[in-house]
Amino acid sequence: MADVALVAGASEATPLDYVVPGAQEIIPKAATASYDGSGAAGSFVPTLIIRAPNGAILAACPVADPLAAGASADVSWFPRGGVAKTTPPVTTGPLYFAGMNSTGGVIVSAGDYITIQQIPFNPDEVYPNYASNDGSTFDTPGTYYSRNPGLGINILQPGVYLVLGSASEAAGPGVQLRTSCSSVSGGNNGDPLLTGYDGGLMPGTAIAGDGSTWFDTSNLQAKGLYYLDESALPSWVGLTTVLPIGLNWDVGDHAVFVVRLGDIGIFPPNGFD
Amino acid sequence: MAQKLTASMPIDMDLEFNYTLEFAALDPATGDPVDGVVVSDAYLLVDQVSDGSADDLVSGPFMLVPGPAA
């Protein structure tokens, strides 16, 4: 057998055919072509088609992804050719969230000891402002934890949850704002993957974030990441303050926001290692 | 600049008289031909299984690529 190279001399509108001439027999080994889609009527897939004499398609060999109208490509076909298509990330559905805020100030009093207190959301209201896009994942405060009404957002489904919180009024030196989770603070179930706070007082400084967000003494931020399995439910997440001895804090407007990132399988239960 | 793409094609497929290799542009949704696409520099490398000279494989717009002896 002899290798023979054939080329079409001119540009041709698709489809461009090579018909095996009479009394000949070939085995194709490779093919290339430049596709110009600048005049294409729509997106298209460069495809090498092998047809039987009756027009039946024996093989259709498309590239992995379509080209947009106007795009051009140099395409090569060869046995075992082709670039593996990038696998899209696995998604587990929409992100479910819930948020709650309270516009009234709440005086959190410190006594003679360092005080760790839940920050209530509805001291003067039946319910604080609350919103969620999924009632089967989150619930309004107080439904399950009547002993702590309004202290947090109830979580009804297992998963990994990111919790963000803020309080607007100026705090004193050493004051901390933290996210909290009932199943964690209770010492069982639930596992905080990450907890933290942007906290205490940052006296005399204003730190620019992305140009639109400023952190200063009057806007404490907190965040936490929680792993909640079935045994941890129902649970609630909210805000906690840590007050040094002798300090009070009127937290002012405060808010907590929680988003379900995915199933508990997306992280190991005890962290990332 | 044109994208560089590759695709797979069958191996060891004998094609005889009136079989066709077709460079096509297909609609990704319907599989129908898309108008307005132009192909240039279409190139085929084949094994000539049958007897005869390479000239016997010239067909349609396809001509032999001139080799060193051309």
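This text follows the structure it describes.
Before going into details, it helps to say that this report is about the structure given with it.

**Side note on the overall build of chain A**
At step 1: For chain A, the count of helices and strands is one helix and 22 strands.
At step 2: Residues counted as buried form 42% of the 273 residues belonging to chain A.
At step 3: Considering only contacts in chain A between residues 6 or more positions apart, those separated by 24 or more positions represent 75%.
At step 4: As presented, chain A carries roughly 12900 Å² of accessible surface, and 54% of it is formed by carbon and sulfur atoms.

**Focus on the interface of chain B and chain A**
Note: interface size is frequently given as the accessible area lost on complex formation between the parts.
At step 1: Listed by partner, the interface residues are 55 residues for chain B and 71 residues for chain A.
At step 2: Summed over both sides, the interface of chain B with chain A buries roughly 6900 Å², with 59% coming from carbon and sulfur.
At step 3: Interface area lost by chain B to chain A is led by Met9, Glu22 and Asp47 of chain B, which between them contribute 11%.
At step 4: As a salt-bridge pair, Lys4 of chain B and Asp74 of chain A come within 2.4 Å of each other at their nearest N and O atoms.
At step 5: Seen at the junction of chain B and chain A, the total is 43 residue pairs in polar contact (both at pLDDT 80 or more).
At step 6: For the side of chain B that touches chain A, the elements supplying multiple residues, two or more each, are β1 (3-8), β2 (20-26), β3 (38-48) and β4 (62-64) of chain B.
At step 7: With eleven residues, the top contributor of residues to the side of chain B that touches chain A is β3 of chain B.
At step 8: Residues of the side of chain B that touches chain A, tallied by class, amount to 34 nonpolar, ten polar and eleven charged.
At step 9: Pairing analysis gives three bridges linking strand β1 (residues 2-8) of chain A to β4 of chain B, with the strands arranged antiparallel.

**Observations concerning the sheet that holds β2 of chain B**
At step 1: Pairing is antiparallel in the open sheet, where four strands are placed in the order β3(A)-β2(B)-β5(A)-β6(A). The strands lining the two open edges of the sheet, one partner per strand, are β3 (16-19) and β6 (57-62) of chain A. Each strand axis lies, on average, 20° off the axis of its neighbour in the sheet, ignoring direction.
At step 2: Of the strand pairs in this sheet, β3 of chain A and β2 of chain B are connected by four bridges, and their pairing is antiparallel. Considered in β2 of chain B, the bridge of Val19 of chain A is made with Thr20 of chain B.

**Here's the deal with the pairing of strand β14 (residues 159-167) of chain A**
All names here are of chain A.
At step 1: The pairing of β14 with strand β19 (residues 220-228) spans nine bridges and is classified as antiparallel. Across the sheet, Leu162 pairs through a bridge with Leu225, a residue of β19.
At step 2: In this sheet, strand β22 (residues 254-262) lies alongside β14 in antiparallel orientation, the contact comprising eight bridges. Bridging across to β22, Leu164 finds its partner in Phe257.

**Quick word on the side chain of Gln24 of chain A**
At step 1: Its place among the elements puts Gln24 of chain A in the loop between β3 and β4 (26-36).
At step 2: Exposure remark for Gln24 of chain A: the relative accessible area of 5% places this residue in the buried category.
At step 3: A polar side-chain atom of Gln24 of chain A sits 2.7 Å from a polar atom in the side chain of Ser50 of chain B.
At step 4: Discounting residues that sit within four places of it in the chain, Gln24 of chain A has contacts with Leu15, Glu16, Phe17, Gln48, Ser50, Asp51, Asp56 and Leu57 of chain B.

**Things to note about the nonpolar core**
At step 1: By size, the foremost hydrophobic cluster in this structure holds 38 residues, and its most contacted members are Tyr18, Tyr35 and Trp77 of chain A together with Phe23, Leu44 and Phe62 of chain B.
At step 2: Not counting the four nearest positions on each side in its chain, Tyr18 of chain A is found in contact with Leu6 and Ile26 of chain A together with Tyr19, Thr20, Leu21, Leu44, Leu57, Ser59 and Phe62 of chain B.
At step 3: In terms of nonpolar packing, the next biggest core, distinct from the first, is built from 29 residues, Ala110, Val163, Ala167 and Tyr226 of chain A among them.

Rules behind the numbers
- Residues numbered from 1 in each chain as written.
- Chains lettered and ligands numbered in written order.
- Predicted model: local features only at pLDDT ≥ 70, side-chain atom pairs only at ≥ 80, totals over all residues.
- Heavy atoms only, no water.
- Helix = DSSP H or I, 4+ residues; strand = E, 2+ residues; numbered from the N terminus.
- Buried < 20%, exposed > 50% of the residue type's maximum accessible area, 1.4 Å probe, protein only.
- Contact = heavy atoms within 4.5 Å.
- Areas by Shrake-Rupley, 256 points an atom, 1.4 Å probe, with all protein chains shown as cover.
- Buried area = accessible area lost by both parts, 1.4 Å probe.
- Salt bridge = Lys/Arg side-chain N within 4 Å of Asp/Glu carboxyl O.
- Polar contact = N/O pair within 3.5 Å; in protein donor to acceptor, adjacent residues only side chain to side chain.
- Nonpolar A, V, L, I, M, F, W, Y, C, P; charged D, E, K, R; others polar.
- Pairing = 2+ DSSP bridges.
- Axes fitted to C-alpha atoms, helices over the stretch in contact; angles between N-to-C directions.
- Core = buried A, V, L, I, M, F, W, Y, C linked by side-chain atoms within 4.5 Å.

Keep in mind these values describe shape, not function.
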